[in-house]
Amino acid sequence: MCLNIPCLAKYVLEGLAVYFSKEDKYGLYSNLLFKYFLAEGIVCGHELFVASAKEHPDNILKELPAPLLDNTYRKELGDEGAAVKSEDFQDSMKIAWRYQNLPKVEASPTTHTKFGHYYDISKKMPPELCQSAKWHRFYLHEELSVEPKMKPCNMNSGYAKLLQSIQRIISQEGFDGSDPQKKQRNVLRIGIQSLGSILWGDDICCSDAPEDPHSLTKFLYVLRGLLRKSLSACIITVPTHLIQNKAIMERVTNLSDMVVGLESFIGSERETNPLYKDYHGLVHVHQIPRLNSLICDVSDTKDLAFRLKRKLFTIERLHLPPDLSDTVSRASKQDLAGSAKLLSSGCGAMAMGNKHLDF
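Just so we're clear, the structure is a prediction, and the values are computed from it rather than from any experiment. What you see as residue numbers is a count from 1 along each chain, following the sequence as written. In view of the model being predicted, local features appear only for residues whose pLDDT reaches at least 70, and side-chain atom pairs are presented and counted only at 80 or more, with totals across whole chains, interfaces and linings using the full set of residues. Based on all heavy atoms of the structure, the side-chain values leave hydrogens and waters out of the count.

### Re the overall build of the chain
A count of helices and strands for the chain gives 10 helices and 12 strands. Accessible area is worked out with a 1.4 Å probe on protein chains only. A residue is then buried under 20% of its type maximum, exposed over 50%, and partly exposed in between. Within the chain, the fraction of its 359 residues that count as buried is 48%. By definition in these notes, contact holds between two residues if any of their heavy atoms fall within 4.5 Å. Long-range contacts, defined as pairs at least 24 residues apart, comprise 78% of the intrachain contacts of the chain with a sequence gap of at least 6. For the area figures, the Shrake-Rupley method with a 1.4 Å probe applies, and any residue is considered shielded solely by the protein chains shown. Put simply, the chain shows about 18,400 Å² of open surface, and 53% of that area lies on carbon and sulfur atoms. Numbering of helices and strands starts at the N terminus; helices are DSSP runs of H or I of at least 4 residues and strands are runs of E of at least 2.

Here is the structure:
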C-alpha cells in the first residue's frame, strides 16, 4: 500500500495483491486511508478502478486530498517538529530527576525520510489533476439497474458483477501479466469500499448465521487469482465491527495479504482516558506479507496510534505520558496501569528505526 507508510508502501507493487483494512466504527479514518491510496495512484500516474455501493465513485474522487509540494511539505514538518519539541520540553519538566538518564522512547522522528507523496487533508485535489488521470468506476446501484440480476457460481450478484468488471479492465487495458503487451506497462490500483456491508446485498453484517456465508470469501478467492496474474494492487475496506461470525472473519483474513485495523476513540471510554489524550485512535497490524512464503507474518507490535493533525494524518508509537494529573481517580489510575501492561510488550518492539510516519 503506497500510503507513505514505510512498512506498508513497499509491498503494493512488489507482490502485495490484497490489502484489507478493517473500518473504524464510524468509517471516518478508514475512508481517509482509502482516499490516500487513490490519491497516490493519481500522483504516480497509475490507472484507478473505484468500486462502491455506498458512495458514488465520482464523489469519492472529488474528495481526494491535495498533494503537498516539497517546499510546502518541509514547512509543514518544520511546524510539526517545533510543536513536538515544545511538548517534549514541557514533559521533561515533569519527569523526576532520577529518570532523566534513562533511555527515552520518543514518538517524534529525529530525521524524516520521504516515502511516496504527502497530502494536505484540509484541501481537495485540483480538478485538472483528477481529470488527467485515467480511471474506471463501478457503482453497484447503476450496474444492477442496467443488467438483470444473476447469481453465477452461488455468488452474490453484486460480487459477480464486480468481478466481471475487474476482469474486463485487466484484460482490455493491458494489465494481464500473462499476455505480452505492446504498449507501456502501467499499474492498476483497485479500491473497493465497504465490501461485505448490507449495501452490497450481503447479510453477513446482519446475522450471526447468514443465509449465504461464503459469497464474500468466494469473491476474495477469485479476486486474489485475478490480481496474482496482473499488474494490480487492491485495497478493500470492510465494516468488521458489524460482522458477528468469527469464522467468516478468519477466512477473510487468510485470503488477504495484509490486514490492518483502525480503532477510533470516538464514543469510547478511551476518548476521555488521559493515557490517550494526544491520539485519536489505535492502529492494529493483524497481518503483514512475508515474501517467498505460503503464509503471512503476524505482527506483535501493539503500540501504534494515530492522530489527525491540522493538515496531516500521522501514525506513531504510543508512549505513556510522563505524569498524570493528580485529579485522576484511583479507579482510573488502575485502568491506566492495565493499559500500560497491555502496551508494554509492544513499546520496545519498535525502539529502533523511524519514530513516526506522516502521509
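Still more ground to cover, so stick around.
### Describing the nonpolar core
In this structure, Ile192, Leu195, Trp200 and Phe219 are the most contacted members of the largest nonpolar core, which totals 38 residues. Elements with a minimum of two residues in this core: strand 1 (18-22), strand 2 (47-52), helix 7 (157-172), strand 6 (188-193), helix 8 (215-228), strand 7 (232-238) and helix 9 (246-254). With 7 residues, helix 7 is the single largest residue contributor to this core. Excluding residues that lie within four positions of it along the chain, Phe219 makes contacts with Met155, Tyr159, Leu162, Leu163, Ile192 and Leu195. Note on terminology: a nonpolar core comprises buried Ala, Val, Leu, Ile, Met, Phe, Trp, Tyr and Cys residues joined through side-chain atoms within 4.5 Å.

### Notes on unusual backbone geometry
Located in the positive-phi region is Ser194, a residue other than glycine, with phi close to 50°. In this structure, Ser194 sits in the loop between strand 6 and helix 8.

### Side note on helix 8
Expected span of a helix, by definition, is 1.5 Å for each gap between consecutive residues, and there is one gap fewer than residues. With 14 residues, helix 8 extends 20 Å between its outermost C-alpha atoms, agreeing within 8% with the 20 Å of an ideal straight helix rising 1.5 Å per residue. Ser215, Leu216, Thr217, Phe219, Leu220, Leu223, Leu226 and Leu227 are the residues of helix 8 that are buried. On its buried face, helix 8 is in contact with strand 1, helix 7, strand 6, strand 7 and helix 9.

### Comments concerning the packing of aromatic side chains
Given two aromatic rings, their pairing is described by the distance between the two centres and the angle made by the two planes. Working definition: a ring pair exists when centres of Phe, Tyr or Trp rings (six-membered ring for Trp) sit within 6.5 Å. Plane angles under 30 degrees give stacked, over 60 give edge-to-face, the rest tilted. The final tally for this structure, using the stated rule, is 8 aromatic pairs. Taking 5.6 Å as the distance between ring centres and 70° as the angle between the ring planes, the aromatic pair formed by Tyr36 and Tyr119 counts as edge-to-face. Remark: Tyr119 occurs in strand 4 (residues 119-124) and Tyr36 occurs in helix 2 (residues 28-43); sequence separation between them is 83 residues. Each member of the pair, Tyr36 as well as Tyr119, carries the same accessibility label: buried. A centroid spacing of 6.2 Å and a plane angle of 5° characterise the contact between Phe138 and Trp200, whose relative ring orientation is stacked. Of the two residues, Phe138 is situated in strand 5 (residues 135-139) and Trp200 in the loop between strand 6 and helix 8; the sequence distance between them amounts to 62 residues. For the pair Phe138 and Trp200, a shared accessibility class is recorded, and that class is buried. Stacked on the ring of Phe37, the Lys or Arg Arg189 has its end atom at 4.8 Å from the ring centre. Lysine and arginine charges are scored as sitting over a ring when NZ or CZ, respectively, is within 6 Å of the ring centre and within 35 degrees of the ring normal.

### Describing a nonpolar patch on the surface
Like-charged residues are merged into a patch within 9 Å and nonpolar side chains (Val, Leu, Ile, Met, Phe, Trp, Tyr) within 5 Å, provided each residue has over 30% relative accessible area and no salt bridge. When a carboxyl oxygen of Asp or Glu lies within 4 Å of a side-chain nitrogen of Lys or Arg, that pair is called a salt bridge. Judged by side-chain polarity, Tyr26, Leu28 and Ile266 come together as a nonpolar surface patch covering roughly 290 Å² of accessible area. The topology assignment puts Leu28 in helix 2. Overall, Leu28 belongs to the partly exposed group, its relative accessible area being 45%.

### Quick notes on the pattern of salt bridges
Throughout the structure, instances matching the rule amount to 9 salt bridges. The closest approach of N and O atoms between Glu47 and Lys134, which form a salt bridge, is 3.9 Å. Residue Glu47 is found in strand 2, and its partner Lys134 is found in the loop between helix 5 (127-132) and strand 5; the two are separated by 87 residues along the sequence. Since its relative accessible area comes to 42%, Lys134 is described here as partly exposed. Note that Glu63 and Lys124 form a salt bridge whose closest N and O atoms lie 2.8 Å from each other. With a gap of 61 residues between them, Glu63 in the loop between helix 3 (57-62) and strand 3 (65-67) and Lys124 in strand 4 connect regions that are remote in the sequence. Where salt bridges share partners, they join Glu47, Lys134 and Glu173 into one cluster.

### Observations regarding the pairing of strand 9 (residues 281-287)
The side chains of a regular strand alternate, residue by residue, between the two faces of the sheet. When you tally the buried positions in strand 9, you get 5 out of 7 residues, the bulk of the element. Note: two strands are recorded as paired if DSSP finds a minimum of 2 bridges between them. Sheet topology note: the strand 9/strand 10 (residues 304-308) ladder contains 3 bridges and is antiparallel. Looking across to strand 10, one finds that Val283 is bridged to Leu304.

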